[in-house]
Amino acid sequence: MSVRLVKFRRETLAGLDEGLAGLLSRATAEVGEGRISSWAKALEEVKGRTEFEVPETLVVTPYLFDFRYRRSTGVALTRFLEGLKEGKFVGTRCSGCGRVLIPPRTFCEWCFRRVDEWIEHSGEGEVATYSIAHIGTNPKVRLPRPEPIAVIWFEGTKVLRPNSKTVAHAAGILHRLGEVDPQEIRIGMRVRPVWRPKEERVGSITDVLYFAPVRG
Amino acid sequence: MRRVAIVGAGMTDFRSMLPHSSPEMIREAVKRCLDDVGSLSIRYVDGVLCASAPDAFDGYHDKVSIANEAAGAIGKPITRVFVGGGSGVAAAVSGWYHVASGLFDTLLVVAWEKMSPPYPHAQKLFQTIFEPVIEQPLGPNLIWIFALEMRRYMEAHNLSKELIAEVAVKNKANALDHPHAQLGAKITVEDVLRSEVMVWPVNRLDISPTSDGAVAILLASEDVARKLTDTPVWIDGVATCLDSQYWTNRDLAFPYYVYLAAQKAYRMAGIKNPLKEVDVWEPYDPFTYKELHHLDGLLGKPGLAPKLLKEGQLHRDGDYPASPSGGLLGVGNPIAAAGLMKVAELYWQLSERAGKRQVPNAYVGVAQAWGDLMQVGTVVVCRR
Amino acid sequence: MVGEFRYAIENPYEYPAGFALSVFLEGLRQGTLKGSRCTSCSRSYVPPFAFCPHCVESKVEYVKVPGEGRVVTWTRTADGTVLVFVAFEGFEGGILHRYVGGGDPSEGMRVRPKFRSERIGSILDIEGFEPSR
C-alpha cells in the first residue's frame, strides 16, 4: 500500500496556460514532500473499517488557491480608516438607542434606522477580555514571544441590551496589547492606543500599534 | 403540522485524515444510515438536505453537487444549509421544516466535512472568517476568539482551568465507547494543563481537532416512521437563533443566542422545566469551556454548568449527562458533521442503541450546535 | 468618498483523490483508461465512481475503458486552446480534455488519448486527444 504525491514538473506543464502552469509549479514547490506518511497511516487505518475497495495506491495532488480581492470599504469604514491615518478614532451615534458605534456603521441594527451623527473618540477604554497567543496560523510553530491580544471596549460606550439584564453592549474592537507584562493584564484594565509615527500611517487598523495600560 | 421522527442514522469514522474523497465519505454515511433503517431503498427517499461548513476546507466550491450522487439526490430536491459550525444541527432543524410541512414524507439529512486537504493545516483558512478590513490585518487565528471568550467566562464565574479541563477528561473517556471516535483516551486534568499553551488560557488538549467525517440521518413523517421502525425518535422542538456579527460589541460571558433558541425549542416541545425534564444533553463542545458555556445557555442559568460539573453531575451516571457520545473533544470535529453527530447520538440514546454509552432512562434529549463568530445557536429537542 | 481595500486568500492544498479516482489516476500513469461498473445494475462510468450513482447502495468493480472514444462536443477558447468532451461506448460520463489533433475536431469524430512518455498519475498524463487512425 502506498501513497503517490504527484509532482508537476516543467515537462508536464509545458504547453499549458501560463497562469495554470505557474500555479501548479508553485503548488508542487510549497507542498514539497507533503504529509505522505500521514496519508499512508490514514490509508492503513481505513482498511477493514470501510465497505469500499481500498486501492493499492492513494494518489495525492498538490494545488494552490490564489484569490485576490479588491473591495470597497464603504462609506463608514472609509471615514474610520481616514481617521486612523490622522491618529484618531471616528464613530457614529444612533439617535434612537444612543449607542456609540466604533468602528462606525451607517445604520443601527437595533433601531433599524440610518445613523448619521459622527463623533470622535480618544480611543481610551478598558480590556473587556484578553488572551495570550503562543502560535500563529500554523499550530505547530511557536511564536518567538507570547503576544497578548484583547477586545477593547471604548470608554463611555457601555449600554445594557434591551430585554436583557445579563448582556452588555459596547463599542469595541479586537487588537493587540503592548508595553505590558502578560501576567499583569486584568479584565477592566484601562488602556490607551499607541499610534505608529504619523509618516508611517496608511489608513489601516494597524496604524495603531497596540493598546497599552494607562499608568500613573 | 405533522410529527417528524428520526428513523435511522449512520456515520463514517471521524479521523484527522480520511483517504476517501468527499462523495465517497458521504456515501459511506448514507449507506450505513439506510442499512440501519433496513427497509427503505434510496429510491423512495423524497429529497436530501445537506450541510457542510466553509467551502475553503474542501477546496472546491461545489458543495451541493458533491452530495448529489453520493446521497442519491439526482433528480430529487436538494437543499444546503450553512450557519458555520451550527450547520449540523441546523440541518436537522431545516430537515424538520421539510417533513413537518407535509411536502416530504422522507428526507435524508447529511452533514460532512473534509478538512485534511489544506496544507499544512486548515487553521490558516479559518482566518477568512474574520472581518477583512478591521480584523484580518492583525493576523488573527481562530483560537484567539475562543481564548478571549474563555478568559471572559472564567472571570465571570471565577472558574479555574483545572475545573474546565475536567470536560476534556470526561468527553475523551466517554469517546472510548464510541465506535467511530478519533480521540477516545484516558487522560487526566494534569495532562490537559501540561499540554502546550496555544493561546492562553487555551491549551492543546482543551481543543477538539480538525477532522474528516460524514453523518447521515433519515427523517420521516409520523405515518411513514411507524411503518419503518419500532423505535422512532421524535423531533419535538427545533429552533435557530443568531446574534450580531459584531462580536466585539457583545459581552461574551453568556451565550444569549443559545438561551433564546433553547427557550423556543422547549416551548415547542412542551417542556416547562428543562432541568427536571431532560435526560440527555449533547451541547456543542469544540473547546472544553464551550460545553459549560453552552450548557449555561441551554439550562438558562449563567454559571450553573460549572457547578454541576464540580458535583460530578455531567457524567453519564449523573443527573445531567452531557456529551455521553464523547462530543467533539472525544469523537472529533469535522465541523458540520460534528453537530449532526450529536443529533444522531440522541437518536441512538433515545432508541436505546447506544451500547456502552447508554444513559439509563433516556426519554428526552437536547442537542445543540454553535457557529460563525460566536453567534449561532441551533437546538433540537427529541423525545422517545 | 469610498476607499478600496485589497487582500488575498492563498493556500496550498494536498488533495487525496479518494478511492475511485486513485484507481483512475494510477491507470493513467500506466497508460490506460479505467472506469467502474455497478455489480447490481451494470451501469458503467468513466471516470469511475467507488459506488453506483444510480443505485447508491451497491458495489462496483473497476474495468478497462476502450482506448477509442467519440467527440460529443467541442469548443475553442479565446487563446486558441481547443477543448473536447469525449464519451466512450458503453460508459456514462466521459472525459473533458484538450484536442491536440490540429485543425478542428468534429462531433462524432473518433479520438484516442495521446499519453505522455513520462507519466506521474495526473489527468495531465494525457497530453490531449487526437483523431484515431
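Residues numbered from 1 in each chain as written. Chains lettered and ligands numbered in written order. Predicted model: local features only at pLDDT ≥ 70, side-chain atom pairs only at ≥ 80, totals over all residues. Heavy atoms only, no water.

1. Some remarks on the overall build of chain B
Helix and strand content of chain B: 14 helices and 11 strands. Taking 2.2 N^0.38 as the reference for a compact globule, 384 residues should give roughly 21 Å; the C-alpha atoms of chain B span a radius of gyration of 19 Å, in line with that estimate. Expressed as lengths along the three principal axes of its C-alpha atoms, the size of chain B is roughly 50 × 45 × 40 Å. Across the 384 residues in chain B, those meeting the buried criterion constitute 71%. As displayed, chain B offers around 11,300 Å² of accessible surface, 50% of which is attributable to carbon and sulfur atoms. Each charge class in chain B was averaged separately, 38 positive and 42 negative side chains, and the resulting centres sit 2 Å apart. (Helix = DSSP H or I, 4+ residues; strand = E, 2+ residues; numbered from the N terminus. Rg over C-alpha atoms; globule rule 2.2 N^0.38 Å. Buried < 20%, exposed > 50% of the residue type's maximum accessible area, 1.4 Å probe, protein only. Areas by Shrake-Rupley, 256 points an atom, 1.4 Å probe, with all protein chains shown as cover. Lys, Arg positive; Asp, Glu negative; His and termini not counted. Charge placed at Lys NZ, Arg CZ, Asp CG, Glu CD.)

2. As for the packing of aromatic side chains
By convention here, two paired aromatic rings are described through the distance between centres and the angle between planes. Within the structure shown, the criterion is met by 24 aromatic pairs over all chains. Geometrically, the ring pair formed by W96 of chain B and Y97 of chain B is edge-to-face, given 6.1 Å between the ring centres and 75° between the ring planes. The buried category is assigned to W96 of chain B, whose relative accessible area is 9%. Between Y13 of chain C and Y15 of chain C, the aromatic rings sit 5.5 Å apart at their centres with planes inclined by 15°, giving stacked as the arrangement. For the residue pair Y13 of chain C and Y15 of chain C, the accessibility class agrees, reading buried in each case. Within the aromatic cluster, the residues linked to one another by ring pairs are F146, Y153, Y284, F287, Y289 and W370 of chain B. Against the face of Y246 of chain B rests R105 of chain A, its NZ or CZ located 3.5 Å from the ring centre. (Phe/Tyr/Trp six-rings, centres within 6.5 Å; stacked < 30°, edge-to-face > 60°. Lys NZ or Arg CZ within 6 Å of the ring centre and 35° of its normal.)

3. Some details on the interface of chain A and chain B
At the interface, 58 residues of chain A touch 55 residues of chain B. Between chain A and chain B the total buried area reaches about 5,100 Å² when both faces are included, carbon and sulfur atoms providing 63% of it. Run the count over chain A and chain B and you get three salt bridges. In this structure, the salt-bridge partner of R49 of chain A is D13 of chain B, at a minimum N-O distance of 2.6 Å. Remark: the boundary between chain A and chain B carries 24 residue pairs in polar contact (both at pLDDT 80 or more). Going through the elements one at a time, α2 (18-31), α3 (36-46), β2 (57-72), α4 (74-85), β8 (125-135), β9 (142-154), β11 (168-169) and β12 (172-176) of chain A are the ones with two or more residues in the side of chain A that touches chain B. (Contact = heavy atoms within 4.5 Å. Buried area = accessible area lost by both parts, 1.4 Å probe. Salt bridge = Lys/Arg side-chain N within 4 Å of Asp/Glu carboxyl O. Polar contact = N/O pair within 3.5 Å; in protein donor to acceptor, adjacent residues only side chain to side chain.)

4. Quick notes on the pattern of salt bridges
Summed over all chains, the structure comprises 55 salt bridges over all chains. Between E117 of chain A and R93 of chain A there is a salt bridge, and its shortest N-O distance comes to 3.1 Å. On the criterion of sequence distance, the pair formed by E117 of chain A in strand β7 (residues 117-121) and R93 of chain A in strand β3 (residues 89-93) is long-range, its members being 24 residues apart. For R93 of chain A, a relative accessible area of 32% corresponds to the partly exposed category. Residue R29 of chain C is joined to E26 of chain C by a salt bridge in which the shortest nitrogen-to-oxygen separation is 3.2 Å.

5. What to know about the packing of helix α1 (residues 22-37) of chain B against helix α3 (residues 63-70) of chain B
Residue and element names in this part refer to chain B. α3 packs onto α1 with a crossing angle of 50° between their chain directions and a minimal axis gap of 8 Å. Considering the angle they form, α1 stands oblique to α3. Along this stretch, α1 crosses α3, giving a crossing that reads as right-handed. Taking contact as the criterion, the partners of S22, P23, I26, R27 and V30 in α1 are, on α3, I66, A67 and A70. Here the contact of α1 with α3 is composed, by residue class, of six nonpolar, one polar and one charged. (Axes fitted to C-alpha atoms, helices over the stretch in contact; angles between N-to-C directions. Parallel < 35°, antiparallel > 145°, perpendicular 65-115°, else oblique. Left-handed = near helix turned anticlockwise from the far one by under 90°. Nonpolar A, V, L, I, M, F, W, Y, C, P; charged D, E, K, R; others polar.)

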